[in-house]
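Per-entry structural report
Listed below are the residues making up each chain.
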Amino acid sequence: VPDDPSPYAVLSDALDALDRAGLLAVPRAHAEAPAWVAVHGAAILLGEGMLPRDDRELIIEATIDMVGDGLLRPQPRA
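Residues numbered from 1 in each chain as written. Predicted model: local features only at pLDDT ≥ 70, side-chain atom pairs only at ≥ 80, totals over all residues. Heavy atoms only, no water.

**Comments concerning helix H1 (residues 7–20)**
The first and last C-alpha atoms of H1 sit 20 Å apart over 14 residues, in line with the 20 Å expected at 1.5 Å per residue. Leu11, Ser12 and Leu15 are the residues of H1 that are buried. All buried residues of H1 lie within an arc of 95° about the axis, which places them on one face of the element. Once H1 ends, the next one or two residues include Gly22, with phi positive near 75°. (Helix = DSSP H or I, 4+ residues; strand = E, 2+ residues; numbered from the N terminus. Expected span 1.5 Å × (residues − 1). Buried < 20%, exposed > 50% of the residue type's maximum accessible area, 1.4 Å probe, protein only. Arc of directions from axis to C-beta.)

Structure (structure tokens):
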């Protein structure tokens, strides 16, 4: 549905934008699958109760931070 893109399409579009801006620390071709695996894996494991529900927010934040740290070129501090 064009008005409601899939989460994978949102990820792909975001990576394209980061690549155009020169912010990816890895080649664009190497970015999508690992990012998707990490985020999707966390979602599945949390959804199926295979990770502690009490740690849900911590797991989500840590996964997003880890993916971001791995994908983004370090930015100079102002």
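Read on, since the account is not over.
**Some words on the environment of Leu18**
Tracing the backbone shows Leu18 in helix H1. Considered as a pair, Leu18 and Leu72 are 54 residues apart in the sequence and their alpha carbons are 8.2 Å apart. Beyond its immediate chain neighbours, meaning those up to four positions away, Leu18 contacts Leu23, Leu24 and Leu72. (Contact = heavy atoms within 4.5 Å.)

**Details of the packing of helix H2 (residues 32–47) against helix H3 (residues 56–71)**
It is at 10 Å that the axes of H2 and H3 come closest, and there the two elements cross at 175°. Comparing their axes, H3 and H2 come out roughly antiparallel. Each of Ala35, Ala38, Val39, Ala42 and Leu46 in H2 lies in contact with H3, whose residues at this interface are Arg56, Ile59, Ile60, Thr63, Met66, Val67 and Leu71. In the contact of H2 with H3, the residues fall into 10 nonpolar, one polar and one charged. (Axes fitted to C-alpha atoms, helices over the stretch in contact; angles between N-to-C directions. Parallel < 35°, antiparallel > 145°, perpendicular 65-115°, else oblique. Nonpolar A, V, L, I, M, F, W, Y, C, P; charged D, E, K, R; others polar.)

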